[in-house]
Amino acid sequence: MLFNVQRWSLHDGPGIRTTLFFKGCPLRCRWCSNPESWSFDSQLLFFRQRCSGCGACVEACPQGASQIVDGRAVLDRSRCTGCGQCVAACSSTAREVVGLDLPVADILRLLRRDAVFYRSSGGGVTFSGGEPFAQPGLLGQITEGCAVAGIPMAVETSGFFDLDDVHAILDEIDTIHVDLKHTDDAVHRRLTGVSNRLIIDNINRLDTMGRRLTLRIPLVHGLTDDASNIDGIIRLCRRLQHLAGIELLAYHPLGAGKYAGLDLPYDSSQAAPAPEAMQRMIHRMRDHHLNASWVGDLGERQ
Ligand SMILES: C[S@@+](CC[C@H](N)C(=O)[O-])C[C@H]1O[C@@H](n2cnc3c(N)ncnc32)[C@H](O)[C@@H]1O
Ligand code: SF4
Ligand code: SF4
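All values reported here derive from a predicted model rather than from experimental measurement.

Caption draft 1: The arrangement of the domain arrangement of the protein in detail. Assigned domains of the protein: these are domain 1 (2–39 + 101–295) and domain 2 (43–98). Computed over C-alpha atoms only, the centres of domain 1 and domain 2 are separated by 33 Å. Contacts between domain 1 and domain 2 engage seven residues on the former and six residues on the latter. Considering only residue class, the side of domain 1 that touches domain 2 consists of two nonpolar, two polar and three charged.

Caption draft 2: Looking closely at the sheet that holds strand 8 (residues 153–157). Spatial ordering of the open sheet is given by 1-2-7-8-9-10-11-12, a layout of eight strands whose pairing is mixed. Across the chains shown, the open sheet's two edge strands, defined by having one partner strand only, are strand 1 (2–9) and strand 12 (292–295). Ignoring strand direction, the axes of neighbouring strands in this sheet form an average angle of 20°. Sheet topology note: the strand 7 (residues 124–129)/strand 8 ladder contains three bridges and is parallel. Bridged to Val125 within strand 8 is Met153. Strands in contact with helix 11 (residues 275–287) are strand 10 (213–219), strand 11 (243–250) and strand 12; relative to strand 12, the strand with the most contacts, it is inclined by about 155°.

Caption draft 3: Looking closely at the site of ligand 3. Taken together, Cys25, Leu27, Arg28, Cys29, Cys32, Asn34, Ser37, Gly129, Gly130, Glu131 and Ser158 make up the full set of residues adjacent to ligand 3. Class assignment for the residues of the shell around ligand 3 results in four nonpolar, five polar and two charged.

Caption draft 4: Up close: the UniProt feature "domain: Radical SAM core" (unreviewed entry) in the protein. As annotated by UniProt and renumbered to match this structure, "domain: Radical SAM core" (unreviewed entry) occupies residues 11–289. In residues 11–289, the share of helix is 37% and the share of strand is 19%. The end C-alpha atoms are 25 Å apart.

Caption draft 5: Region of interest: the site of ligand 2. Residues in close proximity to ligand 2 total 14 residues, the closest being Cys61, Cys80, Cys83, Gln85 and Cys86. By residue class, the composition of the shell around ligand 2 is eight nonpolar, six polar and no charged.

Caption draft 6: Up close: the packing of helix 5 (residues 136–149) against helix 6 (residues 163–172). In contact at an axis separation of 9 Å, helix 5 and helix 6 are set at 30° when each is read in the N-to-C sense. Relative to helix 6, helix 5 is oriented roughly parallel. Taken as a pair, helix 5 and helix 6 cross one another with a handedness that is left-handed. Contact with helix 5, carried on its side by Pro136, Leu139, Gly140, Thr143 and Ala147, involves Asp165, Val166, Ile169 and Glu172 of helix 6 and no other residues of that element. Counted by class, the contact of helix 5 with helix 6 contains five nonpolar, two polar and two charged residues.

Caption draft 7: Region of interest: the pairing of strand 9 (residues 175–179). Strand 9 sits mainly inside the fold: four of its five residues count as buried. When strand 8 meets strand 9, the two strands line up parallel, connected through four bridges. Looking at the pairing, Val155 lines up with Ile176 of strand 9.

Caption draft 8: Layout of helix 11. The end-to-end C-alpha distance of helix 11, which contains 13 residues, comes to 18 Å, matching closely the 18 Å that a straight helix rising 1.5 Å per residue would cover. His289 lies just past helix 11 and shows a positive phi near 60°.

Criteria and thresholds
Residues numbered from 1 in each chain as written. Chains lettered and ligands numbered in written order. Predicted model: local features only at pLDDT ≥ 70, side-chain atom pairs only at ≥ 80, totals over all residues. Domains from an automatic or database assignment. Contact = placed C-beta atoms within 7 Å. Nonpolar A, V, L, I, M, F, W, Y, C, P; charged D, E, K, R; others polar. Pairing = 2+ DSSP bridges. Helix = DSSP H or I, 4+ residues; strand = E, 2+ residues; numbered from the N terminus. Axes fitted to C-alpha atoms, helices over the stretch in contact; angles between N-to-C directions. Near = placed C-beta within 6 Å. UniProt positions renumbered as here; feature names shortened; annotations may be inferred. Parallel < 35°, antiparallel > 145°, perpendicular 65-115°, else oblique. Left-handed = near helix turned anticlockwise from the far one by under 90°. Buried ≥ 20, exposed ≤ 12 C-beta atoms within 10 Å, placed from the backbone. Expected span 1.5 Å × (residues − 1).

Below is the structure:
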């Protein structure tokens, strides 16, 4: 299952791209801008502040998951199946279903339609998410179709996957971006819910296989921008033989509103490091002859 297909994307790799967002992720990064990607199932986003209290959703819901309480709808998520029947009924646009169960043939048709733009711009398709490698069956069928159609492929991954399971898929993918959120395992567990051992192991194994990868570090002030993390990343990168570069991503709050729509808590005190601190980190990495750059929210590079 996907949760979004973004055409004409200019920021997820070279040229004009189509980005496929895979639904489902084994991590729970505190700052994640795509919380609607976490569950592998279709889900309802419900924006209560837009609700007029008309009750149309109560009528439409076959599960009895919606009720009107104090003039506004209340959603019982333990009953909601994400079927989406209430979405069309809601004239206040307070409801949206996330989850696209598209046949692979339709996805490939869409990509082939844009192939002319990929060719003229050096672009292609980018697999993002969520975690694309958490759905190896779907990803494998798409990469196979893209390889036949000659469509260049890139991936944005958390690095948290079983490399032996996705070896053949990786062989088809031209450009690899792997995140490393924190080099300290205990901190990584606290911030993302999982150990970083598999991720670091995969980065080292990909390098040993001769794969050129770009390492991405999301920088959240007070969580991932500490000197020991930056030093750990420098140490790791200096050992890699085929590193294409390091991209520092400053935290942005663009996903904050979606947490409320999913009834998930969000820490709105999170912030990006100051621009001068970002520059200092980049210079520190460059002092170690690492090709580091700062990629802004709109993909602009410094
Ligand atoms: C949404 S993730 C999807 C791919 C994969 N799950 C991962 O984490 O690499 C795509 C990129 O967005 C970054 N990202 C996620 N939330 C962010 C935020 N609030 N601010 C800045 N970058 C963020 C991630 O670090 C990752 O590099
Ligand atoms: S998505 Fe389906 S189950 Fe959930 S509230 Fe709407 S109609 Fe009911
Ligand atoms: S790994 Fe990526 S998609 Fe998953 S929670 Fe972290 S930032 Fe979000």
